[in-house]
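The lines below spell out each chain.
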Amino acid sequence: MVCACARACGWGARLLGYLAPEPSALMSELKLEHLGDDDALERFAPDQVALLNGIGSVGDPSRRRRAHDAAAAQGFAFPVLTHPTAIIDPTALLSEGAQIMAGAIVQIGARIHAGALINTGARIDHHCFIGDHVHIAPGAVLCGQVTVETGAHVGAGATLIQGVRVGQDALVGAGAVVVGNVSSGMRTIGVPARESAL
Ligand SMILES: CC(=O)SCCNC(=O)CCNC(=O)[C@H](O)C(C)(C)COP(=O)(O)OP(=O)(O)OC[C@H]1O[C@@H](n2cnc3c(N)ncnc32)[C@H](O)[C@@H]1OP(=O)(O)O
């Protein structure tokens with residue numbers, strides 16, 4: 001996804017390859033070279049290359065954040081990536097490493113913080129706050145002034161009504177309709193969504 005987005009941005013010729021513990025068939029299909037695991041970063045100078053974080057957040061959402069933080073601590077930068085078909089209001093703030101995928105909409109005054117991923121066709125309405133390394137999965141709808149704190153995952157097709165707050169590292173299940181706040185570290189699923197321990 002991230003690779004396809006980068007290519008759609010015209011960065012294809014500048015993609016050197018990918019880092020992963022093992023080569024991936026999917027990445028081979030995309031004709032990207034496997035450079036090695038994270039240790040291979042040592043071969044590159046932080047002022048010569050930038051990184052795109054391709055780790056998703058299903059299973060263990062903290063992996064995405066840890067990979068970003070480890071590379072950032074070595075001085076590597078993460079550019080903002082915005083697919084050309086995304087609609088982003090000029091007043092929206094996109095921080096380092098934010099990724100806005102195909103068909104997503106980011107409305108007036110929204111703030112998308114470091115390393116957050118706004119996936120395919122997700123809608124982030126006015127003045128939403130999306131914290132560091134949050135993943136808003138495909139097709140999720142966030143109404144106005146929703147807050148999603150650091151590391152939380154909002155599942156595919158979920159709907160969050162205006163003004164609700166999703167706490168740090170919380171998980172909103174796919175298709176949930178969230179009509180109240182979600183506590184940090186909790187999971188919420190269903191219509192209307194009900195909270196339980198992760
Ligand atoms: C580009 C991309 O692909 S990005 C990825 C986007 N994907 C997502 O956002 C997925 C988000 N994940 C989910 O919604 C998951 O289903 C989770 C995390 C909520 C639950 O996952 P698990 O813990 O593995 O639950 P599991 O599949 O074992 O199901 C447990 C029970 O919950 C139910 N359940 C699971 N997910 C949901 C859901 N989203 N809404 C309502 N009920 C659910 C199951 O039907 C099952 O019910 P049962 O015990 O009555 O049979």
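Residues numbered from 1 in each chain as written. Predicted model: local features only at pLDDT ≥ 70, side-chain atom pairs only at ≥ 80, totals over all residues.

Under the annotation held in an unreviewed UniProt entry, the protein chain carries the name Putative hexapeptide transferase and is attributed to Magnetofaba australis IT-1. According to the UniProt record, the Sequence similarities (unreviewed entry) comment for the protein chain is "Belongs to the transferase hexapeptide repeat family." (UniProt positions renumbered as here; feature names shortened; annotations may be inferred.)

Q: I would appreciate a short explanation of the sheet that holds strand S19 (residues 177-178) in the present structure.
A: If you walk across this open sheet you meet the 6 strands as S4-S7-S10-S13-S16-S19, and the pairing is parallel. Strands with a single pairing partner mark the edges of an open sheet, and in this sheet they are strand S4 (87-88) and S19. Pairing analysis gives 2 bridges linking S4 to strand S7 (residues 105-106), with the strands arranged parallel. Opposite Ile87, over in S7, you have Ile105 as the bridge partner. (Pairing = 2+ DSSP bridges. Helix = DSSP H or I, 4+ residues; strand = E, 2+ residues; numbered from the N terminus.)

Q: Hey, could you run me through the UniProt feature "binding site: substrate" (unreviewed entry) in the protein chain in this one?
A: On the UniProt side, "binding site: substrate" (unreviewed entry) is annotated at positions that read Gly59 here. Mapping Gly59 onto the fold places it in the loop between strand S2 (34-36) and helix H3 (62-73).

Q: Can you walk me through the sheet that holds strand S21 (residues 194-197) in this structure?
A: Within a sheet, neighbouring strands are paired by backbone hydrogen bonds and run either parallel or antiparallel to one another. Pairing within the open sheet is mixed, and its 8 strands lie in the order S3-S6-S9-S12-S15-S18-S20-S21. This sheet does not close on itself; its edge strands, each paired only once, are strand S3 (81-82) and S21. With 2 bridges connecting them, strand S15 (residues 153-154) and strand S18 (residues 171-172) associate as parallel partners. When the sheet's bridge partners are listed, His153 is paired in S18 with Leu171.

Q: Could you clarify how one ought to interpret H3 in this entry?
A: The α-helix winds at 3.6 residues per turn, so residues separated by three or four positions along the chain end up facing the same way. For H3, which comprises 12 residues, the first-to-last C-alpha distance of 16 Å matches the rise-based estimate of 16 Å (1.5 Å per residue) to within 8%. Positive backbone phi, approximately 100 degrees, marks Gly75, located one or two places after H3. (Expected span 1.5 Å × (residues − 1).)

Q: What should I look at first to understand the nonpolar core in this one?
A: Among soluble globular proteins, nonpolar side chains are generally buried collectively. Val106, Ile112, Ile118, Ile124, Ile136, Val154 and Val172 are the most contacted members of the largest nonpolar core, which has 40 residues in total. Excluding its chain neighbours within four sequence positions, the residues that come into contact with Val106 are Ile88, Asp89, Ala92, Ile100, Ile112, Ile118 and Ile124. (Core = buried A, V, L, I, M, F, W, Y, C linked by C-beta atoms within 7 Å. Buried ≥ 20, exposed ≤ 12 C-beta atoms within 10 Å, placed from the backbone. Contact = placed C-beta atoms within 7 Å.)

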